[in-house]
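# Commentary on secondary and tertiary structure
The lines below spell out each chain.
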Amino acid sequence: MRRFLQNVSIRMAVITALVFFTVALMSNVAVFTLSGQATQRTLNTLELINVKQLNAINRADALLSGARVSLEVAVANFTNGQRDQALEYLRDAAERVELSATRFEQFAAVPRTEQEEALGARVESTFTAVMDTVQQQLEALNQSDTFTFRLLRDELASLSSVQKETLTEFVRYAGQRGEALQQELDDINRFYSLIEWGIL
């Protein structure tokens with residue numbers, strides 16, 4: 001009888017150990033899954049802000065700046081009677097404006113959170129104002145209208161100042177948001193590690 005009870009006790013201990021091991025294993029799998037999901041969500045957000053949005057608007061801005069340089073060279077060539085060279089720079093400016101518009105559309109198409117909406121709308125508004133004025137300059141030079149081009153240049157100066165401030169604000173936001181998300185991810189991983197150690 002005593003041996004029977006001992007065997008039962010051993011079996012119960014083995015079953016308990018197996019159950020505990022199974023629960024611990026399943027809990028670790030659950031923690032690993034949750035940690036992976038949190039990491040993926042954070043990486044997706046970082047990609048939206050720091051890769052898609054920031055890269056797109058920076059590239060659009062660089063292309064538009066290049067178009068403005070080409071337009072200035074073109075108007076100088078027109079003034080000096082070098083029409084062929086002016087037309088060449090006009091073609092370059094038109095191509096850069098088109099590419100800039102494509103990049104800007106990529107920026108505008110990226111989904112935003114409520115927190116990003118107001119800032120994103122300001123970036124869109126100021127960038128569009130600058131781009132529209134540059135396109136007007138391009139159209140003026142296509143008609144060899146250097147007078148209108150110069151009038152628009154004065155208007156563009158104030159628009160560009162506002163656009164630069166807004167873009168700087170967005171770049172600052174992207175950097176701060178990236179750091180906050182990284183810290184959040186570190187905290188989540190630390191939390192799940194503590195849980196995992198507690199389970200083990």
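Conventions used here
- For every chain, the first residue of its written sequence is number 1, and the numbers climb from 1 along that sequence.
- Totals for whole chains, interfaces and linings use every residue, but because this is a predicted model, local features are given only for residues with pLDDT of at least 70 and side-chain atom pairs only at 80 or more, for both listing and counting.
- Processing note: side-chain calculations cover all non-hydrogen atoms of the structure and skip hydrogens and water entirely.
- For the purposes of this entry, the term helix denotes a DSSP run of H or I that reaches at least four residues, the term strand denotes a run of E that reaches at least two, and both are numbered from the N terminus.
- The contact definition used throughout considers only heavy atoms, calling two residues in contact when any of these lie within 4.5 Å.
- For accessible areas, the Shrake-Rupley method is used with a probe of radius 1.4 Å. Any residue's cover is judged against the shown protein chains and nothing else.
- Here, the term nonpolar core denotes a set of buried Ala, Val, Leu, Ile, Met, Phe, Trp, Tyr and Cys residues that are joined through side-chain atoms within 4.5 Å.
- Remark: exposure states derive from per-residue accessible area (1.4 Å probe, protein chains only) relative to the maximum for the residue type, with buried under 20%, exposed over 50%, and partly exposed in between.
- When two rings of Phe, Tyr or Trp (its six-membered ring) have centres within 6.5 Å they constitute a pair, described as stacked for plane angles under 30 degrees, edge-to-face for angles over 60, and tilted for the intermediate range.
- Only the stretch in contact is used when fitting a helix axis, every axis being a line fitted to C-alpha atoms; angles between N-to-C directions are given from 0 to 180 degrees.
- Orientation labels follow simple angle bins: below 35 degrees gives roughly parallel, above 145 gives roughly antiparallel, 65 to 115 gives roughly perpendicular, and whatever is left gives oblique.
- Helix crossings are classified by the rotation of the near helix relative to the far one: an anticlockwise turn of less than a right angle makes the crossing left-handed, while a clockwise turn makes it right-handed.

Within the chain one finds four helices and zero strands. Reading the chain from its N end, one meets helices and strands in the order α-α-α-α. For the chain, the share of sequence-separated contacts (at least 6 apart) that also reach a separation of at least 24 residues comes to 78%. Here the chain has roughly 12600 Å² of accessible surface; of this, 57% comes from carbon and sulfur atoms.

Moving on, we come to the nonpolar core. Ranked by size, the top nonpolar core spans 31 residues in total, and within it Ile57, Leu71, Leu141 and Phe170 carry the most contacts. Taken together, the elements giving at least two residues each to this core come down to α1 (2-79), α2 (83-109), α3 (114-142) and α4 (146-199). Looking at this core element by element, the count peaks at 10 residues for α1. If we ignore the near neighbours within four places in the chain, the residues touching Ile57 are Phe104, Phe107, Val123, Phe127, Leu167 and Phe170.

Evaluated as defined, the whole model comprises four aromatic pairs. Relative to Tyr173, the ring of Phe170 lies with its centre 6.3 Å away and its plane at 45°, an arrangement referred to as tilted. A residue pair is termed a helical-turn pair when its members lie 3 or 4 positions apart in one helix, as Phe170 and Tyr173 do in helix α4 at three residues. Neither Phe170 nor Tyr173 differs from the other in exposure class; each is buried. Taken together, the aromatic side chains of Phe104, Phe107, Phe127, Phe170 and Tyr173 make up a single cluster linked through ring pairs.

Axis separation between α2 and α3 bottoms out at 11 Å; the angle between their running directions is 160°. Judged on the interaxial angle alone, α3 and α2 are roughly antiparallel. Our pair here, α2 against α3, has a crossing hand that is left-handed. Packed against α2, whose contacting residues are Leu90, Ala93, Ala94, Val97, Ser100, Ala101, Phe104, Phe107 and Ala108, the element α3 presents Gly120, Val123, Glu124, Phe127, Thr128, Met131, Val134, Gln135, Leu138, Leu141 and Asn142 at the interface.

When you line up the elements, Ala74 lands in helix α1. Ala74 sits in the buried class, given a relative accessible area of 0%. Once the C-alpha coordinates of Ala74 and Tyr89 are considered, the two residues, 15 residues apart in sequence, prove to be 5.4 Å apart. When neighbours within four sequence positions are excluded, Ala74 is seen to be in contact with Ala86, Tyr89, Leu90 and Leu141.

A separate point is unusual backbone geometry. Residue Ser144 is not a glycine yet carries a positive backbone phi of 60°. Taking relative accessible area as the criterion, Ser144 reaches 35% and is therefore assigned partly exposed.

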